Amino acid sequence: MKMALYWIAVVSLMTAYCRRVGASNGDASPVFGRCVRRCVEAGCNGTALELFRRAQPLCDQLTGWRCADECRYGCMWQTVTAFASEGYKVPQFYGKWPFVKWLGMQEPASAIFSALNLLAHLGMYLEFRRSVPPSAPMFFVWSAYAFIAVNAWLWSTIFHTRDFELTEMLDYFCAVSGVLYSLFGLCVRITGTDVWWRPALPAVAILAFFVYHVHYLAFVKFDYGYNMRANIAVGVVNSIGWIIWYVLKRKLLKHAWKVALTVVLVNLLLTLELWDFPPLWWTFDAHCIWHLGTAPLPFLLYSFFIDDCIYLYEAREKLKFP
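Model, not experiment: these values are computed from the prediction.

> Summarise the environment of tyrosine 224; cite the residues concerned and give the values.
Take tyrosine 224: it is sitting in helix H10 (residues 224-249). The exposure class assigned to tyrosine 224 is partly exposed, which follows from its relative accessible area of 22%. Put simply, tyrosine 224 and tyrosine 172 are 52 residues apart on the chain and 9.5 Å apart in space, counted from C-alpha to C-alpha. Within the structure, the side chain of tyrosine 224 is placed 2.8 Å from the side chain of glutamate 168, a separation counted as a polar contact.

> Break down the side chain of aspartate 60 for me, citing the residues and quoting the values.
Along the chain, aspartate 60 falls in helix H4 (residues 58-62). Overall, the relative accessible area of 5% leaves aspartate 60 in the buried class.

> Now, about the packing of aromatic side chains: what can you tell me, with residues and values included?
In the structure shown here, the tally under the stated rule is 28 aromatic pairs. Summarising the aromatic geometry, the rings of phenylalanine 113 and phenylalanine 284 are spaced 6.5 Å apart at their centres and angled 25 degrees between planes, so their arrangement reads as stacked. Of this pair, phenylalanine 113 sits in helix H6 (residues 108-131) while phenylalanine 284 sits in the loop between helix H11 (256-270) and helix H12 (286-294), and the two are 171 residues apart along the sequence. Among the residues examined, phenylalanine 284 registers a relative accessible area of 31% and is labelled partly exposed. Both rings, one in tryptophan 245 and one in phenylalanine 304, keep their centres 5.8 Å apart while their planes meet at 85 degrees; by these two values the pair is edge-to-face. You can see tryptophan 245 sitting in helix H10 and its partner phenylalanine 304 sitting in helix H13 (residues 297-320), a full 59 residues away along the chain. What makes tryptophan 245 buried here is its relative accessible area of 4%.

> Hey, could you go over the pattern of salt bridges for me, with residue numbers and the actual values?
Summed over the entire model, instances satisfying the criterion amount to 12 salt bridges. Close ionic contact of aspartate 163 with lysine 96 constitutes a salt bridge, the shortest N to O distance being 2.8 Å. On the criterion of sequence distance, the pair formed by aspartate 163 in the loop between helix H7 (139-161) and helix H8 (165-191) and lysine 96 in the loop between helix H5 (67-85) and H6 is long-range, its members being 67 residues apart. Each of the salt bridges in this network shares a partner with another, and the network as a whole consists of Arg66, Asp69, Arg72 and Arg162.

> Could you give an account of the nonpolar core, naming the residues involved and the relevant values?
Judged by nonpolar contacts, the single largest core of 35 residues is most densely connected at Phe128, Trp142, Tyr145, Trp242, Trp245, Tyr302 and Phe305. Going through the elements one at a time, H6, H7, H8, H10, H11 and H13 are the ones with two or more residues in this core. Those residues in contact with tyrosine 145 that sit more than four places away from it in its chain are His121, Gly178, Tyr181, Ser182, Leu301, Tyr302 and Phe305. Formed by 10 residues, the second largest nonpolar core is a distinct cluster that contains Phe32, Cys35, Val36 and Val80.

> Help me get a handle on the confidence of the model for the chain, residues and values and all.
For the chain, per-residue confidence averages 89 on the pLDDT scale, and 92% of positions sit at 70 or higher. Low pLDDT, under 50, characterises residues 1-21; the predicted model gives this stretch 31 contacts beyond four residues in sequence or across chains.

> Explain the environment of alanine 111 to me, and be specific about the residues and the numbers.
Looking at the element boundaries, alanine 111 is found in helix H6. Sequence separation of alanine 111 and tryptophan 97 is 14 residues, and the distance between their C-alpha atoms is 15 Å.

> Give a detailed account of the state of the cysteines, specifying residues and quantitative values.
Tallied over the full model, the rule gives 3 disulfides. Covalent S-S linkage joins cysteine 35 and cysteine 75, the inter-sulfur distance amounting to 2.0 Å. Classification of the bridge connecting cysteine 35 and cysteine 75 rests on its S-S torsion, roughly -80 degrees, and on that basis the disulfide is left-handed. One end of the pair, cysteine 35, is in helix H2 (residues 30-43); the other, cysteine 75, is in helix H5, with 40 residues separating them in the sequence. By relative accessible area, cysteine 75 is classed as buried at 2%. Between cysteine 44 and cysteine 67 runs a disulfide, and the two sulfur atoms are separated by 2.0 Å. Looking along the S-S bond of the cysteine 44-cysteine 67 disulfide, the torsion reads about -85 degrees, which is the left-handed sense. Taken together, the positions of cysteine 44 in the loop between H2 and helix H3 (46-55) and cysteine 67 in helix H5 put the pair 23 residues apart, joining distant regions of the chain. A residue is classified by how much of its surface remains accessible, and cysteine 44, at 17% relative accessible area, is buried. By sequence order of its bonded cysteines, the chain has the disulfide arrangement 1-6, 2-5, 3-4.

About the cut-offs
- The residue numbers shown here count from 1 along each chain, following its written sequence.
- Where totals are concerned, whole chains, interfaces and linings use all residues; where local detail is concerned, this predicted model gives features only for residues with pLDDT of at least 70, and gives and counts side-chain atom pairs only at 80 or more.
- Heavy atoms throughout the structure, all of them, feed into the side-chain values; hydrogens and water do not.
- Numbering of helices and strands starts at the N terminus; helices are DSSP runs of H or I of at least 4 residues and strands are runs of E of at least 2.
- To sort residues, take the accessible area from a 1.4 Å probe on protein chains only and compare it with the maximum for the residue type: under 20% means buried, over 50% means exposed, and anything in between is partly exposed.
- The term polar contact refers here to a pair of N or O atoms within 3.5 Å; inside protein, the definition further demands a hydrogen-donor-capable atom paired with an acceptor-capable atom, and it admits residues adjacent in sequence only when both atoms are side-chain atoms.
- Geometry of aromatic contacts follows a simple scheme: Phe, Tyr and Trp rings, the Trp one being its six-membered ring, pair when their centres are within 6.5 Å, and the pair is stacked under 30 degrees between planes, edge-to-face over 60, tilted otherwise.
- By salt bridge we mean one thing: a side-chain nitrogen of Lys or Arg within 4 Å of a carboxyl oxygen of Asp or Glu.
- To form a nonpolar core, buried Ala, Val, Leu, Ile, Met, Phe, Trp, Tyr and Cys residues must be joined to one another through side-chain atoms within 4.5 Å.
- In what follows, residue pairs with any heavy atoms lying within 4.5 Å of each other are defined as contacts.
- A score between 0 and 100, pLDDT records how confident the predictor is in each residue.
- Two cysteine sulfurs form what is called a disulfide whenever their separation falls within 2.5 Å.

This is the structure:
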């Protein structure tokens with residue numbers, strides 16, 4: 001009950017936050033609008049545009065910073081200064097806090113910490129492959145999880161490097177794929193892999209929801225609130241499911257605590273997403289701290305995968321050779 005109430009609070013607060021996205025006081029202010037118009041008219045055509053292209057750093061070229069983007073970036077800081085001079089709080093722009101870009105990265109801390117998560121998953125998957133025989137039960141289930149996790153953190157890194165419509169959508173889609181696959185892994189761990197149709201049933205249901213979710217966001221309406229509610233709903237089911245599994249298996253499986261602790265830590269770290277504040281030194285906000293906090297968790301999670309696969313493998317071998 002306490003976990004359910006916690007998640008209800010999270011849903012309410014994060015849905016309220018999502019409704020504010022796109023209606024930011026910074027980009028809606030006259031100061032910002034005038035500044036961008038003047039900058040684009042004066043510097044983004046003719047000879048001025050050619051000079052801009054010649055002087056633009058290579059990293060900004062590679063990450064797709066156009067002249068108009070640079071105008072919006074420069075005007076963002078002029079607007080922040082104007083707000084501060086009038087005694088107003090730091091404004092947001094297009095649903096985000098202002099960040100100092102670095103080496104072409106729009107949100108450098110979040111991009112770097114997302115890359116750390118990617119490397120942690122990749123490194124621990126290699127350890128998983130070294131430690132677990134491919135014939136072990138759940139080997140391919142958790143191998144697929146590693147692929148999905150690496151892919152999700154790759155797109156998170158790309159999205160935080162440059163926020164385009166495409167990179168945003170792919171970040172969101174890949175993030176929900178990871179949450180859904182974790183739920184699938186729980187279902188397979190419960191049903192087993194000996195009979196093909198048992199894991200196939202949750203696979204079909206979860207895949208159908210994922211296809212619907214992507215289709216709705218991509219072709220019907222890119223609804224931030226709906227996406228957040230869907231992610232949290234799946235997260236609730238996934239978290240409660242793994243905790244119940246741990247409670248039932250903790251005496252038999254001495255390694256079960258590892259997945260339970262991972263779930264608890266993820267849920268605790270999630271509260272950082274609700275702690276919204278202007279970035280420290282225009283670099284570190286609550287979202288990037290969330291990414292930093294999740295980076296060590298693959299070491300614990302894949303340790304559970306290794307222990308559990310070896311346990312299942314040895315249990316099956318004992319049945320073969322009593």
